[in-house]
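# Observations on the model geometry
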Amino acid sequence: MADEIETESASFLSTFASELFGSPLNLCLLAICLFLLYKIFAGRRNATQFEPRPPALAKLKKQDFTLEQLREYDGKAKDGRILMSVNGKVFDVTRGKRFYGPGGPYGVFAGRDASRGLATFSLNEQTIQDEYDDLSDLNSTQMESVREWEEQFMEKYDYVGKLLRPGESPTDYSDNEEDSSKDGEKSKDD
Ligand code: HEM
Ligand SMILES: *[C@@H]1O[C@H](CO)[C@@H](O)[C@H](O)[C@H]1NC(C)=O
């Protein structure tokens, strides 16, 4: 019985190894994984090295965004604020700067709608479209994965508002707003 398990796990290991090293695609994936791990942990080390941390940005007042408005929050502006959309919801992910900041492992998502990238596990810039993406061609597994990411973001980051479809008008949140202390004024000529 124990022998059986041992042989089984040994053969699993060798299958695993030959799968891994036998295919160029898998080798590439492994390399990408190692690169991402390196970036994540290098970022973490830098984050603790250069104290004190800059003061946290004021919370954005609740507001909706078009794709174009979202693009301005890619972390490259003065304040370094980073917004990102998942499944039609816009989150302030500035706290996750080491992931989404310029040069971070998931920097492609900054100021963008990350839904399709997260659903298809792709960090390819081409995955994220410039036009509004209604995700209608994703299958149930992929949509489930988008919803799981959305839940995770709801727990970890501040929800700011909705991502607007083309032509959709922003919700007026002014009634239920206490601290409209700063920001939000982004003039767009359209
Ligand atoms: C290929 C190998 C990959 C490895 C080894 C890897 C590793 C990790 C690790 C260790 C974390 C947690 C970091 C922490 O909490 O300190 C993380 C978070 C994350 N990863 Fe990956 N990852 C990989 C691929 C991907 C891909 C392809 C995507 C995009 C679809 C992705 C998107 C994310 C996101 C969005 C987070 C959450 C960051 C946050 O909490 O805001 N990862 N990854
Ligand atoms: C959804 O699409 C992915 C990628 O094309 C595929 O691997 C997966 O099996 C599909 N799932 C379903 C339920 O169709």
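Structure first, text after, so check above.
Predicted, not measured: the structure shown is a model, and the values here were computed from it. (Residues numbered from 1 in each chain as written. Chains lettered and ligands numbered in written order. Predicted model: local features only at pLDDT ≥ 70, side-chain atom pairs only at ≥ 80, totals over all residues. Heavy atoms only, no water.)

Another point: the overall build of the protein chain. Summing up its helical and strand segments, the protein chain has six helices and three strands in all. If you list the helices and strands of the protein chain from N to C, you get α-α-α-β-β-α-α-α-β. Here the protein chain holds 190 residues, and 32% of them are scored as buried. Taking all contacts inside the protein chain whose residues are at least 6 apart in sequence as the whole, residues at least 24 apart take part in 63%. Here the protein chain has roughly 12900 Å² of accessible surface; of this, 53% comes from carbon and sulfur atoms. (Helix = DSSP H or I, 4+ residues; strand = E, 2+ residues; numbered from the N terminus. Buried < 20%, exposed > 50% of the residue type's maximum accessible area, 1.4 Å probe, protein only. Contact = heavy atoms within 4.5 Å. Areas by Shrake-Rupley, 256 points an atom, 1.4 Å probe, with all protein chains shown as cover.)

As a structural note, the neighbourhood of ligand 1 is formed by 17 residues, with Cys 33, Arg 44, Tyr 100, Tyr 106 and Tyr 157 the closest of them. At 2.6 Å from an oxygen atom of ligand 1 is found a side-chain nitrogen or oxygen belonging to Lys 156. In this structure, ligand 1 is accommodated by the second largest pocket. It is helix α2 (residues 24-49) that provides the largest number of residues to the shell around ligand 1, a total of five residues. Tallied by class, the residues present in the shell around ligand 1 amount to twelve nonpolar, two polar and three charged. No fewer than three residues from each of domain 1 (2-50) and domain 2 (67-169) sit in the shell around ligand 1. (Near = heavy atom within 4 Å. Polar contact = N/O pair within 3.5 Å; in protein donor to acceptor, adjacent residues only side chain to side chain. 1 Å grid on protein atoms, 1.4 Å probe; cavity = no way out; pocket = protein on both sides within 12 Å on 5 of 7 lines; lining within 4 Å. Sits in = over half its atoms within 2 Å of the grid points. Nonpolar A, V, L, I, M, F, W, Y, C, P; charged D, E, K, R; others polar. Domains from an automatic or database assignment.)

Attention now goes to the site of ligand 2. Every residue near ligand 2 is listed here: Asn 139, Ser 140, Thr 141 and Gln 142. In the environment of ligand 2, an oxygen atom lies 2.3 Å from a nitrogen or oxygen atom belonging to the side chain of Asn 139. Here a nitrogen atom of ligand 2 and a side-chain polar atom of Thr 141 are 3.1 Å apart. The protein chains hide 30% of the 360 Å² of surface that ligand 2 would expose on its own.

Moving on, we come to the packing of aromatic side chains. If you walk through the whole model with that rule in mind, you get ten aromatic pairs. A centroid spacing of 6.3 Å and a plane angle of 45 degrees characterise the contact between Tyr 100 and Phe 153, whose relative ring orientation is tilted. Here Phe 153 lies in helix α6 (residues 140-156) and Tyr 100 lies in helix α4 (residues 97-100), a separation of 53 residues in the sequence. Each member of the pair, Tyr 100 as well as Phe 153, carries the same accessibility label: buried. Taken together, a centroid distance of 6.4 Å and an interplanar angle of 55 degrees make the contact between Trp 149 and Phe 153 tilted. With Trp 149 and Phe 153 both in helix α6, this residue pair falls four residues apart, about one helical turn. According to the relative accessible area criterion, Trp 149 is partly exposed, its value standing at 25%. An aromatic cluster is present here, built from Phe 91, Phe 99, Tyr 100, Tyr 106, Trp 149, Phe 153, Tyr 157 and Tyr 159 joined pairwise through their rings. (Phe/Tyr/Trp six-rings, centres within 6.5 Å; stacked < 30°, edge-to-face > 60°.)

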